[in-house]
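For reference, the chains in residue letters:
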Amino acid sequence: MRVFLIGMMGSGKSTIGRILSSVLDKKFIDMDSEIERAKGMSISEIFEKEGEREFRRLEKNLLKELVRSDEIVVSTGGGVILDNENRQILKGENSVYLRLPPADLYRRVSVKGRPLLKEGKESIFRIWEERRELYEQFPSVDTSNQTQWETVAAISMKIAAGERKTLDSSSHPVSLSPGGFKSIGRMSNTVVSRRVQRIFSEWIPSSALSIDDGEEAKGFHTLFQIYEYLMDRGVSRSDMVVGAGGGTVTDLAGFASSTFKRGLPITLYPTTLLAQVDASIGGKNGLNFKGCKNVVGNFYMPYETIIDPVVTLSMDEGRFEEGLVEAFKIFLITGRWYEDFKSSCRELKNRNLRALSEMLEEAVRQKDRIVAIDTRETGMRRTLNLGHTLGHLYEPLTGVSHGMAVAWGLEREMHYFANLGLIEEEMYREVSETLSEIIGLDFPQLPVEDALRLLRNDKKATTSENMEIEIPLVRKPGSFEFAKVRLDDLLAVVV
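Let me sum up the structure you'll find in this document. This one's a predicted model, so the numbers in the text were calculated from it and none came from an experiment.

### A word on the side chain of Ser-210
By secondary structure assignment, the location of Ser-210 is in strand β9 (residues 209–211). For Ser-210, a relative accessible area of 17% puts it in the buried group. Within polar-contact distance, the side chain of Ser-210 engages the side chain of Gln-197 at 3.4 Å. Excluding anything up to four places from it in sequence, Ser-210 contacts Val-192, Arg-194 and Gln-197.

The following block contains the structure:
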């Protein structure tokens, strides 16, 4: 596969190209840099000494060479599309135009090293107008209101083949499909997060209901919005509901579909890494109520879950890593892919799609195995609560995201058991160091009374008289049990 990024000077082709090449496991080539290296002169010197015509000849010859190469991501020069033959070549490739308004280009671009701007930065408005129709002949991504990762995700989605791999699943059908998110355009009755709609709008049905994502939306007020949407559309019991977004959206859409008209089928398109390895697998739906997380909920298996690693590329720094924490937790519990995760950690943090796909396939397989053994969370499935007991204190009391809270909770619970001598110190350090590599650890102290109130309302807590709670204890990868601990002893590690 070859990918060519086209667009005006200052549109970010080189920066995006480098990130994209790492994501796709391809060599990055900057055409201007290649020409400078071959000639031993800067672009400005070539223009000054040999003229623009000679530069365009060099550019055209290089383009013809590049289309004979494989596995490359190319940042083209801004004027490569001026030549008709070049345009025809690029139209036969995976070429994407990075579209940015001229006012934004003006703010970004520097005159230095730009021979076409020798008369001043204002020239960029004229050049953009002269080239606009030529650029618009190509598929485009509007980068004006997107982060670099959102742009990389949008480009990757355009070129993804959408090949689907059905995973062996006992609980409900699950597919792993890079580019599979694009099939959502054929679906009706779609509930989608606002952020996902903004980034991937060209593939989302215009009739979709967009809702907020995040814990503050995970309540009855948003649930009632979904009910009203389904009522207004006249949805029948045979109609499919679709949920596309992070864990908040999949939980809300799942709960709504399970209760509306006593149950409608639902297809899930989880769009965060955390939702892909956790919330969208196994049919658990939860809503927050009176400050308590997931205190209202049910079990309702989706008709299908479609996991597309490409959509996770769009995630903000920090939020992406939360999904890695959840996957690491699954591998710690099961003992499967534990060492592979640690050795792949750098590639995973760099969002390499090959490594991500391998990790997702194994994480989903292990999560599904646990769910199949214990559908109603009465036995083994409770191990997935590892890190959640204390994590559910950090989340509401500090305002951090769910994934970060679970990372903190996991580390503190392991610390607690290590202090009791139930976990080897070396095992605790290994987990703590891996979590630090993934996401970083910086624990705040929690207010005692508020933390105790939340612990008492935890659904895993026993009677308030004996003040105990049962939580998972992992002694080493793949070896777990459940331990009853006193609430005040457990609180000591967070207050």
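### Some points on helix α16 (residues 388–398)
Across the eleven residues that make up α16, a large majority, eight, are buried. Within the span of α16, buried status applies to His-388, Thr-389, Leu-390, Gly-391, His-392, Leu-393, Tyr-394 and Glu-395. In this structure, the buried residues of α16 make contact with β13 (292–299), α13 (319–334), α17 (402–419), α19 (448–456), β15 (468–476) and α20 (487–491). Count one or two residues on from α16 and you reach Gly-399, which has phi positive near 85°.

### Examining the sheet that holds β9
The strand order β6-β7-β14-β11-β10-β8-β9 describes an open sheet built from seven strands, whose pairing is mixed. Looking at which strands have only one partner, the edges of the open sheet turn out to be β6 (165–167) and β9. Averaged over neighbouring strand pairs, the angle between their axes works out to 20° when direction is ignored. As paired elements, strand β11 (residues 266–270) and strand β14 (residues 304–307) share two bridges and run parallel to each other. Bridged to Thr-267 within β14 is Glu-304. Contacts from helix α9 (residues 220–232) reach β8 (190–193), β9 and β10 (241–245) within the one sheet, and its direction differs from that of β9 by about 175°.

### Some details on the sheet that holds strand β5 (residues 140–142)
The strand order across the open sheet built from five strands is β2-β3-β1-β4-β5, with neighbouring strands paired in parallel fashion. Both edges of this open sheet fall to β2 (27–30) and β5, since each of them pairs with a single strand only. Ignoring which end each strand starts from, the neighbouring axes of this sheet average 20° apart. Both strand β1 (residues 2–6) and strand β4 (residues 94–99) contribute to a ladder of four bridges, which runs parallel. Residue pairing in the sheet places Leu-5 in a bridge with Val-96 of β4. Across the sheet, helix α7 (residues 148–159) is in contact with β1, β4 and β5; its angle to β4 comes to roughly 150°.

What counts, and at which threshold
Residues numbered from 1 in each chain as written. Predicted model: local features only at pLDDT ≥ 70, side-chain atom pairs only at ≥ 80, totals over all residues. Heavy atoms only, no water. Helix = DSSP H or I, 4+ residues; strand = E, 2+ residues; numbered from the N terminus. Buried < 20%, exposed > 50% of the residue type's maximum accessible area, 1.4 Å probe, protein only. Polar contact = N/O pair within 3.5 Å; in protein donor to acceptor, adjacent residues only side chain to side chain. Contact = heavy atoms within 4.5 Å. Pairing = 2+ DSSP bridges. Axes fitted to C-alpha atoms, helices over the stretch in contact; angles between N-to-C directions.

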